Amino acid sequence: MKKSNWFIILFFMTLALIVATVFAVSIGAVKLPLFNMTTVEKNIFFNVRLPRVLLAGLVGAALVMSGALFQYVMKNPLADSFTTGTSASSAMGAVIAIMLGLEKLIPLFALAGGLTGLTAVYKISSVRNRIQPVTMLLAGIVISTFASATISFMKYLSDDAVSSIIFWLMGGFSSASISKVIILAIAIIGSYLSIRSDFLSLDIICFDDMTAEASGVNVARLRRKIFFIASLLTAFSVGYAGIIGFAGLVIPHIIRLLRMVKAAELLPMSLIGGGLFMITNDLIARTILSEGQELPVGILTSFIGGIFFLTLLIKRKKELFYFD
Amino acid sequence: MKSNIKIIVLAVMVQLTIAATAFSYDRIIILYGAVSPIIKELSLSDKVVGVSRSDTVFTQTTKLGSHLRPNVELIIALEPDIIIAGSKRTFNEEMVESVKVKVIYFDPQTLDEVLEKITELGELFRQEERAKELVISCKEKLKGVKPLSKKPEVIYEISAEPLRIAGKKSIVTSIIEAAGGENVITIEKKHVVLSPEVILKAEPDYYFYQTGPMNKNPSPVKERDQFVTLKSEIVNVDQYEFARAGLNVFDAVIKMNRIFGDNPQFRGENNE
Amino acid sequence: MIRLDEIVATQGDFSLSVKSLSIKESGLVAVLGNNGSGKTTFLSLLSGLKSYEGSYELSGKDFGSYSAKSAGEILSLLPQSGALNMPFDVFYVVLTGRFIHTDGRSYSKEDFDETERVMIETDIMHLKERPFNELSGGEKQRVLLARTINKDTKVLLLDEPFSDTDILHQHKLIGLLKELAKKKLIIVVIHDLSLAIREFERFLFFESGTLSYDVTPEEIDEERLSSIFGVRVKFIKEASKLFIYTEEV
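Residues numbered from 1 in each chain as written. Chains lettered and ligands numbered in written order. Predicted model: local features only at pLDDT ≥ 70, side-chain atom pairs only at ≥ 80, totals over all residues. Heavy atoms only, no water.

Engineer: Just checking my understanding: could you explain the overall build of chain A for this structure?
Structural biologist: Along the backbone of chain A there are 14 helices and two strands. By the compact-globule yardstick of 20 Å for 324 residues, chain A fits well, its C-alpha radius of gyration being 20 Å. Over its C-alpha atoms, taken along the principal directions, chain A stretches across nearly 65 × 55 × 35 Å. For chain A, the proportion of its 324 residues judged to be buried stands at 60%. Long-range pairs, those at least 24 residues apart, make up 76% of the contacts in chain A between residues at least 6 apart in sequence. Within chain A, the 16 negative side-chain charges are centred at a point lying 7 Å from the centre of the 26 positive side-chain charges. (Helix = DSSP H or I, 4+ residues; strand = E, 2+ residues; numbered from the N terminus. Rg over C-alpha atoms; globule rule 2.2 N^0.38 Å. Buried < 20%, exposed > 50% of the residue type's maximum accessible area, 1.4 Å probe, protein only. Contact = heavy atoms within 4.5 Å. Lys, Arg positive; Asp, Glu negative; His and termini not counted. Charge placed at Lys NZ, Arg CZ, Asp CG, Glu CD.)

Engineer: Would you mind going over the sheet that holds strand β5 (residues 102-105) of chain B with me for this structure?
Structural biologist: Residue and element names in this part refer to chain B. Strands sit in the order β3-β2-β1-β4-β5 across an open sheet of five strands; the sheet is parallel. With one partner strand each, in any of the chains shown, β3 (62-63) and β5 form the two edges of the open sheet. Across four bridges, the pairing between strand β4 (residues 82-85) and β5 is parallel. The residue of β5 that forms the bridge with Ile 83 is Val 103. Against the sheet, helix α5 (residues 111-124) contacts β4 and β5, and its axis sits at roughly 160° relative to β5. (Pairing = 2+ DSSP bridges. Axes fitted to C-alpha atoms, helices over the stretch in contact; angles between N-to-C directions.)

Engineer: Can you walk me through the environment of Gly 298 of chain A in this structure?
Structural biologist: Residue and element names in this part refer to chain A. Examined against the element boundaries, Gly 298 turns out to sit in helix α13 (residues 297-315). Gly 298 gets classed as buried once you look at its relative accessible area, which sits at 7%. Remark: the alpha-carbon pair of Gly 298 and Ala 247, spanning 51 residues in sequence, is separated by 9.6 Å. Discounting residues that sit within four places of it in the chain, Gly 298 has contacts with Met 170, Gly 171 and Ile 244.

Engineer: Sorry if this is basic, but what is going on with the pairing of strand β10 (residues 210-215) of chain C here?
Structural biologist: Residues in a regular strand project their side chains so that they alternate between the two faces of the sheet. In terms of strand pairing, strand β9 (residues 202-207) of chain C meets β10 of chain C through five bridges, oriented antiparallel. Looking at the pairing, Leu 204 of chain C lines up with Asp 214 of chain C of β10 of chain C.

Engineer: Explain the interface of chain C and chain A to me, please; I cannot follow it from the model alone.
Structural biologist: Bring the parts together and some accessible area is lost; that lost area is often taken as the interface size. Each side of the interface is counted separately: chain C has 29 residues, and chain A has 26 residues. Taken over both partners, the interface formed by chain C and chain A buries close to 2,700 Å², and the fraction arising from carbon and sulfur atoms is 64%. Taken together, the elements giving at least two residues each to the side of chain C that touches chain A come down to α3 (90-95) and α5 (137-150) of chain C. Of the residues contributing to the side of chain C that touches chain A, the split by class is 15 nonpolar, nine polar and five charged. (Buried area = accessible area lost by both parts, 1.4 Å probe. Nonpolar A, V, L, I, M, F, W, Y, C, P; charged D, E, K, R; others polar.)

Engineer: Please explain the interface of chain B and chain A as it appears in this structure.
Structural biologist: Taken residue by residue, the interface counts 29 residues in chain B and 30 residues in chain A. Each partner contributes to the roughly 2,800 Å² buried at the junction of chain B and chain A, and carbon and sulfur atoms together form 53% of this total. At the boundary of chain B and chain A, one finds two salt bridges. There are eight residue pairs in polar contact (both at pLDDT 80 or more) connecting chain B and chain A. Counting residues per element, the ones that place at least two in the side of chain B that touches chain A are β9 (191-193) and α8 (196-202) of chain B. For the side of chain B that touches chain A, a count of residues per class yields 13 nonpolar, six polar and ten charged. (Salt bridge = Lys/Arg side-chain N within 4 Å of Asp/Glu carboxyl O. Polar contact = N/O pair within 3.5 Å; in protein donor to acceptor, adjacent residues only side chain to side chain.)

Engineer: How should I be thinking about the confidence of the model for chain B in this particular structure?
Structural biologist: Parts of the model with low pLDDT should not have their predicted coordinates read in detail. Here chain B shows a mean pLDDT of 86. Residues at 70 or above account for 90%. The complex model carries a pTM of 0.83, and its ipTM stands at 0.86. (pLDDT = per-residue confidence, 0-100.)

Engineer: Looking at this structure, how should I read the nonpolar core?
Structural biologist: The nonpolar side chains of a soluble globular protein tend to be buried with one another. The biggest cluster of nonpolar side chains holds 168 residues, and the ones touching the most others in it are Leu 69 and Leu 202 of chain A, Tyr 207 of chain B together with Phe 203 and Phe 205 of chain C. Per-element accounting of this core gives the leading share, 20 residues, to helix α2 (residues 39-74) of chain A. The residues touching Phe 205 of chain C, leaving out its near neighbours within four places in the chain, are Leu 32, Leu 193, Thr 210, Leu 211, Ser 212, Tyr 213, Val 215, Ile 220, Leu 225, Ile 228 and Phe 229 of chain C. Counting residues in each nonpolar core, the second largest holds 52 residues, with Val 135, Ala 179, Ala 245 and Val 253 of chain B among its members. (Core = buried A, V, L, I, M, F, W, Y, C linked by side-chain atoms within 4.5 Å.)

Engineer: Explanation requested: the packing of helix α7 (residues 178-196) of chain A against helix α10 (residues 219-241) of chain A in the structure shown.
Structural biologist: All names here are of chain A. Relative to each other, α7 and α10 sit at 165°, their axes nearing to 11 Å. One element, α7, and the other, α10, form an angle in the roughly antiparallel class. Helix-helix and strand crossings are classified by hand; for α7 and α10 the assignment is left-handed. Between α7 and α10, the contacting residues are Lys 180, Ile 183, Leu 184, Ala 187, Ile 188, Ser 191, Ser 194 and Ile 195 on the first element and Lys 225, Ile 226, Ile 229, Leu 232, Leu 233, Phe 236 and Tyr 240 on the second. (Parallel < 35°, antiparallel > 145°, perpendicular 65-115°, else oblique. Left-handed = near helix turned anticlockwise from the far one by under 90°.)

Engineer: Would you mind showing me how to read a nonpolar patch on the surface here?
Structural biologist: A cluster of nonpolar side chains, namely Met 99, Leu 100, Leu 102, Leu 105, Leu 108, Phe 153 and Leu 157 of chain A, defines an oily patch on the protein surface of about 670 Å² accessible area. Locating Met 99 of chain A in the fold gives a position in helix α3 (residues 86-99). (Patch = residues over 30% accessible without salt bridge, like charges linked within 9 Å, V, L, I, M, F, W, Y side chains within 5 Å. Areas by Shrake-Rupley, 256 points an atom, 1.4 Å probe, with all protein chains shown as cover.)

Engineer: For this particular structure, what's the right way to read the domain arrangement of chain B?
Structural biologist: Residue and element names in this part refer to chain B. Assigned domains within chain B: domain 1 (2-141) and domain 2 (146-271). Each of domain 1 and domain 2 was reduced to a C-alpha centroid, and the two centroids are 30 Å apart. Residue-level contacts link 20 residues of domain 1 with 17 residues of domain 2. Of the roughly 1,500 Å² buried between domain 1 and domain 2 on both sides combined, carbon and sulfur atoms contribute 65%. The largest share of the area that domain 1 buries against domain 2 comes from Gln 109, Leu 111 and Lys 141, three residues that together contribute 43% of it. One salt bridge in this structure joins Lys 141 and Asp 251, with 3.3 Å as the shortest N-O distance. (Domains from an automatic or database assignment.)

Engineer: Looking at this structure, I do not really get the packing of helix α1 (residues 3-26) of chain A against α2 of chain A. What am I missing?
Structural biologist: The description of two packed helices rests on the angle between their axes and on the distance between the axes. Residues and elements named next belong to chain A. Between α1 and α2, the shortest axis-to-axis distance is 9 Å and the interhelical angle comes to 145°. For the pair α1 and α2, the sense of crossing is right-handed. In this structure, α1 contributes Thr 21, Ala 24, Val 25 and Ser 26 to the contact, and α2 contributes Phe 45, Arg 49, Leu 50 and Val 53. Along the lines of polarity and charge, the residues of the contact of α1 with α2 split into five nonpolar, two polar and one charged.

Engineer: Explanation requested: the pattern of salt bridges in the structure shown.
Structural biologist: For side chains bearing opposite charge, pairing can occur when the charged atoms are close. One pass over the full model with this rule turns up 30 salt bridges over all chains. The salt bridge partner of Glu 110 of chain C is Arg 98 of chain C, with a shortest N-O separation of 3.8 Å. In this pair, Glu 110 of chain C is assigned in helix α4 (residues 109-121) and Arg 98 of chain C in the loop between α3 and α4, connecting sequence segments twelve residues apart. Residue classification places Glu 110 of chain C among the exposed positions, given a relative accessible area of 52%. Judged by its relative accessible area of 4%, Arg 98 of chain C falls in the buried class. Taking the shortest distance from any N to any O, the salt bridge between Arg 98 of chain C and Asp 111 of chain C comes out at 3.0 Å. Of this pair, Arg 98 of chain C sits in the loop between α3 and α4 while Asp 111 of chain C sits in helix α4, placing them 13 residues apart in sequence. Exposure class is identical for Arg 98 of chain C and Asp 111 of chain C. Each is buried. Linked through salt bridges whose partners overlap, the residues forming this network are Arg 52, Asp 282, Arg 286 and Glu 294 of chain A.

Engineer: Any chance you could explain the side chain of Thr 211 of chain A here in plain terms?
Structural biologist: Take Thr 211 of chain A: it is sitting in helix α9 (residues 209-214). Once residues within four sequence positions are removed from consideration, Thr 211 of chain A is found in contact with Pro 79, Gly 82 and Arg 147 of chain C.

Engineer: Explanation requested: unusual backbone geometry in the structure shown.
Structural biologist: What is expected of a backbone is that most residues other than glycine have negative phi and most peptide bonds are trans. One non-glycine residue with positive phi stands out, namely Glu 79 of chain B, at about 50°. Structurally, Glu 79 of chain B can be placed in the loop between α3 (72-77) and β4. Of note, the phi angle at Glu 160 of chain C is positive, near 50°, even though the residue is not glycine. Within the element layout of this structure, Glu 160 of chain C appears in the loop between β7 (155-159) and α6 (167-180).

Next comes the structure, spelled out in structure tokens:
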């Protein structure tokens, strides 16, 4: 894609993101006037609505960027935090932290869990340094199922009654706060800055490992780094919003269909596209029911993602396998 | 006590011979813990052969798994002649089919329904007198409710994450009303997944949050970022005392009414 | 340029050994032999992707003293089964060959100009904007060869670069390689014996993991080839052109 075209698309996507954010903060369970707010209305705006919209946007950005990164290292367009089992194993880590009464360490446990699950999937699905896409999906399903089973088991142990652990499996932004927003923003900006210098290398690891290595890229080192960053982003999103499926799969694919394939185009666009996608989804999730009732946002993204995935399987088989 | 039971059994048997329709239930299984105190009050303790894992009354009786997932094999093995379950959700048609005995559900949504259920149980187990006494004592308890100067508006939190609030169909609403207050949430559901915005906007006088299996370690409401500015009185209560539809609800009414009455804002004129 | 002495590289059951070999700064060298004779392993070894015992000197210095980057500035490798799993456009694919010359962050104007030049030389300029994954096998092969040439190193190691390429482009590319070989050392694994003997300056024959026959076109011997390949090889000379006839023994 021409640089000038890319800037035009970037400009309009950013504009769309801003519009969506403004829209999302002005609509909600309670009607708020944009000007002359009372104290209560200000509290609602600053303590509930704004953090929530921002958290949704950041989690979307983190999930989509991690999805795009997973697709690089797994050499597979179907890889994302969900299909690689990283989300579920992160959630397992988070739940273990809760069980141990270490709520403050949730992101750390989530990261450890995510890395463990991801390593397992990678080891299982790589044959002679090549990831087999179908094996990866199967391994991802197995790891996800295993992690979910562990979560359910812990839920059972802790108490039969429906407890808040379910929250991790459904996903949502109801517990948003400014501190979470700030931490996640730091994690995303830090991750982005640390891989910005690897954009050219990321494109080169899309070749077979031998070609990539011969081109002057330290494939093993880069892969480890990307694994870590993608897991970190997943761990924070899961720690703050539970498992939200498919965003990391759908958005990078759409961006690539728009012919933004290079890492330098794809990754910045993933951040913006992910934010836009999740803010919109969350807006729908919290306004579709009456009287301030809410729908878990994971239901919505999985619904949209499921339809997308299905269309992909039916209509674009070829594209799934150009990754060989 | 034993002889008492014998007399009752005898009486039931006599009745059986007189009225062929009447049947004596001798082996009771209780799968919903809130029923146990009532069964005890109806002097039927000796007939209880199995209970759910978390039962607080019949702690020595055979456990049959959790109230959400009771073990049907264990149930059948105990050869009960009646099973009292919480709701169809926890004990479904297929399970009823497989146990092949009478199953009744105990799922009252208001105080009146609790009393009705007590009467029903009394009739079912031929303990009408005890049931009547029990109903009277419950109603007697409610007389302790003191009038308030105005109705406090109340939010009752079922769980913090996700934020679920008691809706109109919850027994909690009935408790709040009997205690002289009003549930802000009028949605026709037991539990409502709700936006915190609604709560901030409503500015309720009281924010009750429960601790129990449904809400394991809720962080104090005012420590949550969303609610730091909430002006409501915050009260932490036990889930078993307030959100379970059993004999406990009448004590809960009194407790809540006392909390309201202690607040000068709502104290009735005739109270000191 | 390259000097090997008592080299042994093992991989599982297979081991490659080169007793002694020295190759000068420029020229077109063919690597030949049957499947599994060690040709690919030989290229991997030279490019530093395979560990070895013995002595390997590159440009007069021990290969072990090179960093991955500095070795990469001297050597380019075109692996046999190159694959790409993103739908990059062809121009970008060739451009990425210049990665070693960048600061790792962006390609310079020179990189773009060089890429364009190489693409014209390799006759793939018309594919410039096509997504790589939509090309035919032969086109992909040419693009990847162009990418390797674009790395612009002193030594090119090419593993079967023409196996899927049509005859017309084989001729064009051989012409280009010959031109480049005036200043560079180009080592090519190739199966087409006639093409090799007609166009290359030196031949390295491998037999079950050993470099067994190292000759120039003038010295090459029919009998020896027949024993290496296990088929009867006959040279037919007609009007100063050499034809090679093979038949099963």
